[in-house]
Amino acid sequence: MPLLPRPADNDLLQRPALAAGVFVISALAALGLSAVLTLAAPTEVQARTRHSVEHNADGSKVSHTGVARSGPNGAVLRGRTATTDGQGNGSVTSRGAAVGAQGGVAVRQGSTARSADGSTSHSGTVSAQNAQGSLQSSGGATRNADGTATQARNTTATSAATGNSVQAQSSYSKDNGLSRSATCYDASGTAMACPTRP
C-alpha cells in the first residue's frame, strides 16, 4: 500500500483519496498523534527521517523507516518495517497519522505478507475525523500461488451535522465477481433510504 502523503489541504475528509489511503494501530494513534500535534505549529515545512537496517546471520533482514513532517497545512507521522527471511518470504507493516491545520485527523495501518510460493496477503484499516464527520474502513486481500485473488472491504461514514451514516461493503472473488452494497441509517440507527447523487 502507498505511504501516507503530506496533507496539502486543511480538511482531510475533503480529500477522499487521502482518507482512503490512511491506516494505523491504536498504539500509534495514542502516542503518535500527540507528537504530530506538537509538530503542527511551524509556519515552514519541517521534516525528519530515520532509517535503520538489521542484517542477521541466518540471512534475514529487518529495516525500519520513520518520517515526521510538519508545516502550515498540518503534520504527518509515519513508520514502515520490512522483514525478509532470506528464503523468499517477507512482510511489510506501515503505520501513519496525520493532522490538518483545522483539526482534521486521520490514522492508518497496513500490513502485507509475501510467501516464497508467490502467494500474498494484505490487510489495512483507516480512520479519519473532522468537523464534518468521521470515516472508518477496514479490509483485506489475498492472492494464492495459482494467481486467484479475493478481497473485501467494509466502510462506515457518519455525518457530524445530522448523525446519519452509511455502511458500505464490497467484495471480490473469481467465482462471484465484484459485489457492492450500502445501507444508510439515521441518527437513531434506523435504516433509511440513501440520498441520491445530484
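Structure: above.
Worth saying up front: this structure is predicted, and the values here are computed from it rather than measured.

(A) Focus on the overall build of the protein chain. Along the backbone of the protein chain there are two helices and eleven strands. The 198 residues of the protein chain split such that 28% are buried. Within the protein chain, residue pairs in contact and separated by at least 24 positions form 39% of the contacts whose partners lie at least 6 positions apart. As displayed, the protein chain offers around 11,500 Å² of accessible surface, 51% of which is attributable to carbon and sulfur atoms.

(B) Just the sheet that holds strand 8 (residues 149-159), in detail. The sheet built from eleven strands is open, its strands ordered 1-2-3-4-5-6-7-8-9-10-11 with antiparallel pairing. What marks the edges here is a single partner per strand, and that holds for strand 1 (46-55) and strand 11 (191-192). Two strands pair when backbone bridges link them, and strand 5 (residues 105-114) and strand 6 (residues 120-130) are joined in this way by ten bridges, in the antiparallel orientation. In the sheet register, R108 faces strand 6, and the bridge partner there is V126.

Cut-offs used in this document
Residues numbered from 1 in each chain as written. Predicted model: local features only at pLDDT ≥ 70, side-chain atom pairs only at ≥ 80, totals over all residues. Heavy atoms only, no water. Helix = DSSP H or I, 4+ residues; strand = E, 2+ residues; numbered from the N terminus. Buried < 20%, exposed > 50% of the residue type's maximum accessible area, 1.4 Å probe, protein only. Contact = heavy atoms within 4.5 Å. Areas by Shrake-Rupley, 256 points an atom, 1.4 Å probe, with all protein chains shown as cover. Pairing = 2+ DSSP bridges.

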